[in-house]
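The primary structure of each chain is shown beneath.
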Amino acid sequence: MTSLHNRHINPLILKDLTGDNWRLADYVKRGGYSALRRILEEKIAPEQIIADLKASGLRGRGGAGFPTGLKWSFMPRQFPGQKYLVCNTDEGEPGTFKDRDIIRYNPHALIEGMAIGAYAMGITVGYNYIHGEIFQEYLRFEEALEEARAAGFLGDRILGSDFSFQLHAHHGYGAYICGEETALLESLEGKKGQPRFKPPFPASFGLYGKPTTINNTETFSAVPFILNIGAENYAALGKPNNGGTKIFSISGDVERPGNYEVPLGTPFAKLMELAGGMRGGKKIKAVIPGGSSAPVIRGEIMMETDLDYDSIAKAGSMLGSGAVIVMDETRCMVKALERLSYFYYEESCGQCTPCREGTGWMYRMIHRIEHGEGRQSDLDMLNSIADNIQGRTICALGDAAAMPVRAFIKQFREEFEYHVEHKHCLVPVSAY
Ligand SMILES: Cc1cc2nc3c(=O)[nH]c(=O)nc-3n(C[C@H](O)[C@H](O)[C@H](O)COP(=O)(O)O)c2cc1C
């Protein structure tokens, strides 16, 4: 599905990657590990690194968009016991496939970013939790770790300094819920991956009950580039409050699906152009701009929207993980929602009643509408179930399941009503 190409705008993480140049020697040739080396040689204060990250405007690329510098400042640096750094490569949200490409094509950027994070937060042990369905990438990441250890970029007394950092990879089993940070920690501890009640947050009670910082793969991978080009320059790439570049995974009815790194604030129409436009020249109907849990937006609105946290929120959705799913005029919105709701039903961990029962209930109702057995009252009932899930569960999987249901019915109600009345799609059957 994803392919390497050079159709990015001002890329940092995906710049100059060919598929064969992922090894340490290639990364060093591209200027890799120079930020870590400079930090250790010049003994740059950890507080300075955190201040730089705050100034860069980097926001977490895992979905919630939380400011990274602020998150790093929550780590109690002076805590006397073990502290942990964890990377979330459990990418499982339908539509998202950027983290896979980072560890496939530029794994050392992630390793360097994590080592810098460990230095800044006074941490000596880290883990990268990798999704169970990307085993080849997991093996590659293990190879990259070996290279970094052998070259002295990881391990004891890194580059002759008094900073030590042991980094390990951990292979998950492909459960979407393990992308939720506290379920991930449970799973890393060898337990069933179910989210923890918060507070306490991982910064005070994380892995094995110790202070832990968790960030997404893309978030960590951006760090060396930010320190190399300077925080202000990074921020200036994007828009105020939306600093830097972002990798968008574009899929669906476009000519060239793939990962595109562009500055935040780039018009969606420009991303469409990079992705070769609509497949077969068809008309755009709907876009899910931030992974399957983000509310769907009508195509014509999206074509006028910029790709940054604030603009997408203003248009009624979320930038989320940056997974852009494009649907053309032949797509049936009932069928699309049926597929999405089945995913959340399958992936609910079952811990909270509203999510465990509600996701199955919503799926069954949408299934029956799709199969010509729906009732007009089902639409309001679906909204009511979604209302009773959203905000009422331990983690945000409940919200993730409820939001698409509400948005699809709100944006395309006429199509759902037509389906109920006529017992088939409003649109002709998709050619794909
Ligand atoms: C159901 C669910 C699945 C999630 N999946 C992922 C994921 O695959 N990758 C990820 O980085 N964050 C995921 N998150 C968000 C994480 O809980 C967490 O916010 C993120 O890893 C923090 O990193 P960041 O601040 O760098 O974005 C998920 C959240 C939920 C509720």
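Residues numbered from 1 in each chain as written. Predicted model: local features only at pLDDT ≥ 70, side-chain atom pairs only at ≥ 80, totals over all residues. Heavy atoms only, no water.

In the annotation of an unreviewed UniProt entry, the protein chain is listed under the name NADH-quinone oxidoreductase subunit F and assigned to Pseudoduganella flava. In the Catalytic activity (unreviewed entry) part of its UniProt record, the protein chain is described as follows: "a quinone + NADH + 5 H(+)(in) = a quinol + NAD(+) + 4 H(+)(out)". Turning to the protein chain, the UniProt record has this under Function (unreviewed entry): "NDH-1 shuttles electrons from NADH, via FMN and iron-sulfur (Fe-S) centers, to quinones in the respiratory chain." (UniProt positions renumbered as here; feature names shortened; annotations may be inferred.)

Q: So what about the overall build of the protein chain? Which residues, and what values?
A: Scanning the protein chain from terminus to terminus reveals 18 helices and 11 strands. Counting only C-alpha atoms and orienting by the principal axes, one finds that the protein chain spans roughly 75 × 45 × 35 Å. Burial status across the protein chain gives 58% buried among its 432 residues. Restricting the contact set of the protein chain to residue pairs at least 6 apart, pairs at least 24 apart contribute 71%. As displayed, the protein chain has an accessible area near 17200 Å², and 52% of this comes from carbon and sulfur atoms. (Helix = DSSP H or I, 4+ residues; strand = E, 2+ residues; numbered from the N terminus. Buried < 20%, exposed > 50% of the residue type's maximum accessible area, 1.4 Å probe, protein only. Contact = heavy atoms within 4.5 Å. Areas by Shrake-Rupley, 256 points an atom, 1.4 Å probe, with all protein chains shown as cover.)

Q: Now, about the pattern of salt bridges: what can you tell me, with residues and values included?
A: Any two side chains of opposite charge can pair if their charged atoms end up close together. Across all of its chains, the model carries 29 salt bridges by this definition. For the salt bridge of Lys 198 with Glu 180, the shortest nitrogen-to-oxygen distance reads 2.6 Å. One end of the pair, Lys 198, is in the loop between helix H8 (181-188) and strand S4 (212-216); the other, Glu 180, is in the loop between strand S3 (166-171) and H8, with 18 residues separating them in the sequence. What makes Lys 198 partly exposed here is its relative accessible area of 23%. For Glu 180, a relative accessible area of 16% corresponds to the buried category. Close ionic contact of Arg 356 with Glu 357 constitutes a salt bridge, the shortest N to O distance being 3.0 Å. What emerges from the salt-bridge pattern is a single network uniting Lys 98, Asp 99, Glu 218 and Lys 246. (Salt bridge = Lys/Arg side-chain N within 4 Å of Asp/Glu carboxyl O.)

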